[in-house]
Amino acid sequence: MPRYVIEREIPGAGNLTVDQLAQISAKSCSILDKMGPQIQWIESYVTGDKIYCIYIAPDEKAIREHAEKGGFPANRIAEIKNIISPFTAKK
């Protein structure tokens, strides 16, 4: 199943409180539960004005559906083609 990086532009994202992040997470998980196991949230990275999310999904349409149902922006969606790390250099 493909993996995706979703860029969500959220002004002030880096200033969200732990409680606010927990509420956003709970809402996302609730929607994912209703959508079924074909779409999974792996993790997200919060920066100053953006949140970058990693998802497993059958296609970009499923990512957009989740964003629409949750009221979350999905400004850019890119399919992950490969993963590299420091271990890649030690092949």
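Residues numbered from 1 in each chain as written. Predicted model: local features only at pLDDT ≥ 70, side-chain atom pairs only at ≥ 80, totals over all residues. Heavy atoms only, no water.

A. Molecular detail of the side chain of S28. Secondary-structure assignment places S28 in helix 1 (residues 18-35). By relative accessible area, which is 5% here, S28 ends up buried. Within the local environment of S28, its side chain forms a polar contact with the side chain of H66, the two groups lying 3.0 Å apart. Aside from chain neighbours lying at most four places away, what touches S28 is W41, Y55, H66 and F72. (Helix = DSSP H or I, 4+ residues; strand = E, 2+ residues; numbered from the N terminus. Buried < 20%, exposed > 50% of the residue type's maximum accessible area, 1.4 Å probe, protein only. Polar contact = N/O pair within 3.5 Å; in protein donor to acceptor, adjacent residues only side chain to side chain. Contact = heavy atoms within 4.5 Å.)

B. Focus on the packing of aromatic side chains. Scanning the model with the defined rule gives 1 aromatic pair in all. Look at W41 and Y55: their rings are 6.5 Å apart centre to centre, the planes differ by 15°, and that puts the pair in the stacked class. Of this pair, W41 sits in strand 2 (residues 40-46) while Y55 sits in strand 3 (residues 50-56); the two residues are 14 residues apart in sequence, bridging distant segments of the chain. Note on Y55: relative accessible area 2%, which makes it buried. Across from the ring centre of F72, 5.9 Å away, lies the NZ or CZ of K27, which sits over that ring. (Phe/Tyr/Trp six-rings, centres within 6.5 Å; stacked < 30°, edge-to-face > 60°. Lys NZ or Arg CZ within 6 Å of the ring centre and 35° of its normal.)

C. A look at the sheet that holds strand 3. Pairing is antiparallel in the open sheet, where 4 strands are placed in the order 2-3-1-4. If you trace the sheet from one side to the other, it starts and ends with strand 2 and strand 4 (76-80), each paired once. Taking the axes of each pair of neighbouring strands and ignoring which way they run, one obtains an average angle of 20° across the sheet. Sheet topology places strand 2 next to strand 3; 6 bridges connect them, and they run antiparallel. What sits directly across from S44, in strand 3, is C53. Sheet strands in contact with helix 1 are strand 2 and strand 3, and its direction is about 160° off that of strand 2. Sheet strands in contact with helix 2 (residues 60-70) are strand 1 (3-9), strand 3 and strand 4, and its direction is about 35° off that of strand 1. (Pairing = 2+ DSSP bridges. Axes fitted to C-alpha atoms, helices over the stretch in contact; angles between N-to-C directions.)

D. Inspection of the nonpolar core at higher detail. Ranked by size, the top nonpolar core spans 17 residues in total, and within it Y4, I6, I39, Y55, A57, I63 and I77 carry the most contacts. When residues of this core are traced back to their parent elements, those giving at least two are strand 1, helix 1, strand 3 and helix 2. Setting aside residues up to four positions removed in sequence, I39 forms contacts with L32, Y55, I56, A57, A62, I63 and H66. (Core = buried A, V, L, I, M, F, W, Y, C linked by side-chain atoms within 4.5 Å.)

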